[in-house]
Amino acid sequence: MKSVKELILLAGTALVLVVMLTAAVRDDNAKLVFCQNNLKKIYSYTLMYQNDHGALPPVQVIAKPLWKFWPNYINKYCKDLRDLACPSDPRNELLFARKRTPLLPEKRAACSYGMNYFLTEHYAKKKNKKPLLSNLSRPVRTVVFGDSKGPYMLPPRFWTYEQAMRHDNETGFFCFADGHVSRMKQSNFGRKNAKGEFDTDFSRWHWL
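Only a predicted model underlies this, so the values are computations on that prediction, with no experimental measurement involved.

## Brief notes about the nonpolar core
The nonpolar side chains of soluble globular proteins are, as a tendency, buried together. Of all hydrophobic cores here, the largest spans 44 residues; its most connected members are Trp70 and Phe174. Going through the elements one at a time, α1 (4–53), α2 (70–74), β3 (113–116), β4 (143–147), β5 (152–153), α5 (157–161), β6 (172–176) and β7 (181–184) are the ones with two or more residues in this core. Here this core takes seven residues from α1, the largest share from any one element. Among all residues touching tryptophan 70, those that are not within four sequence positions of it are Ile42, Pro57, Pro58, Val59, Leu84, Cys111, Tyr113, Gly114, Met115, Phe145 and Pro151.

What follows is the structure in structure tokens.
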């Protein structure tokens, strides 16, 4: 039989473990909420850009010395350096870990999100439409932004590049043209054929 001292020690150890696990769960949940809210912010900044310029921001622009991508065009609407940074993205670990101080100015984070490659003027014109979110016939199904290692999402290349999504259970957050954000898996965007290849449901990506 264990002594009272040993029982107290075991109970204390168990309590510490419970607190640590609870903190870890809360931390993971906080990261999920932060990422989800970022996509909602990006959506609102996109609406601001659209209202100011009469079209969606370009997904990419070939320019010298460096190409430009959609974040270059909505940066002025961002209120915080972390608006484009997911806390689960290892590239931005230091941004969330270090304490802010005026003596150590922060640089803008690596962008943790990609834009739908097909939401451009080029593809909109093929459907005789202007590149506006309101011109998408299925806004509740059409992806605009999502967790991504690159600045744009181009299926099936996107799924090859994103071998493991950023969040638990191979999931990622995706923002749709109507403004809602969902946590989804690759299987939500198509299915594998008899050859084991992934067939993308392009109705979630193209102008229709």
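## Quick look at the pairing of β4
Counting buried residues in β4 gives five out of five residues, a clear majority hidden from the surface. Strand direction decides the pairing type here: β3 and β4, joined by three bridges, are antiparallel. Within β4, the residue paired with tyrosine 113 across the bridge is aspartate 147. Looking at chain direction, β4 and β6 are connected through three bridges and run antiparallel. Its bridge partner lying in β6, valine 143 is registered against phenylalanine 176.

## Observations regarding the side chain of asparagine 116
Inspection of the secondary structure puts asparagine 116 in strand β3. Polar side-chain contacts of asparagine 116 include one of 2.9 Å to the backbone oxygen of valine 143. In contact with asparagine 116, not counting residues within four places along its chain, are Val59, Thr142, Val143, Val144, Met153, Arg204 and Trp205.

## Quick look at the confidence of the model for the protein
Looking at the protein as a whole, its pLDDT mean stands at 83, while 81% of the residues score no less than 70. The element-level mean pLDDT for the protein is lowest in α1, coming to 70, with β4 highest at 97. The low-confidence segment residues 4–25 (pLDDT under 50) makes two contacts with residues lying over four places distant or belonging to another chain.

## Details of the environment of tyrosine 152
Relative to the assigned elements, tyrosine 152 resides in strand β5. Given a relative accessible area of 18%, tyrosine 152 falls into the buried group. In this structure, the C-alpha to C-alpha distance between tyrosine 152 and tyrosine 113, residues 39 residues apart in sequence, is 7.7 Å. In contact with tyrosine 152, not counting residues within four places along its chain, are Val59, Gln60, Phe69, Gly114, Met115, Tyr117 and Arg157. At a separation of 2.7 Å, a polar atom in the side chain of tyrosine 152 contacts the side chain of arginine 157.

What counts and how
- Residues numbered from 1 in each chain as written.
- Predicted model: local features only at pLDDT ≥ 70, side-chain atom pairs only at ≥ 80, totals over all residues.
- Heavy atoms only, no water.
- Core = buried A, V, L, I, M, F, W, Y, C linked by side-chain atoms within 4.5 Å.
- Buried < 20%, exposed > 50% of the residue type's maximum accessible area, 1.4 Å probe, protein only.
- Helix = DSSP H or I, 4+ residues; strand = E, 2+ residues; numbered from the N terminus.
- Contact = heavy atoms within 4.5 Å.
- Pairing = 2+ DSSP bridges.
- Polar contact = N/O pair within 3.5 Å; in protein donor to acceptor, adjacent residues only side chain to side chain.
- pLDDT = per-residue confidence, 0-100.

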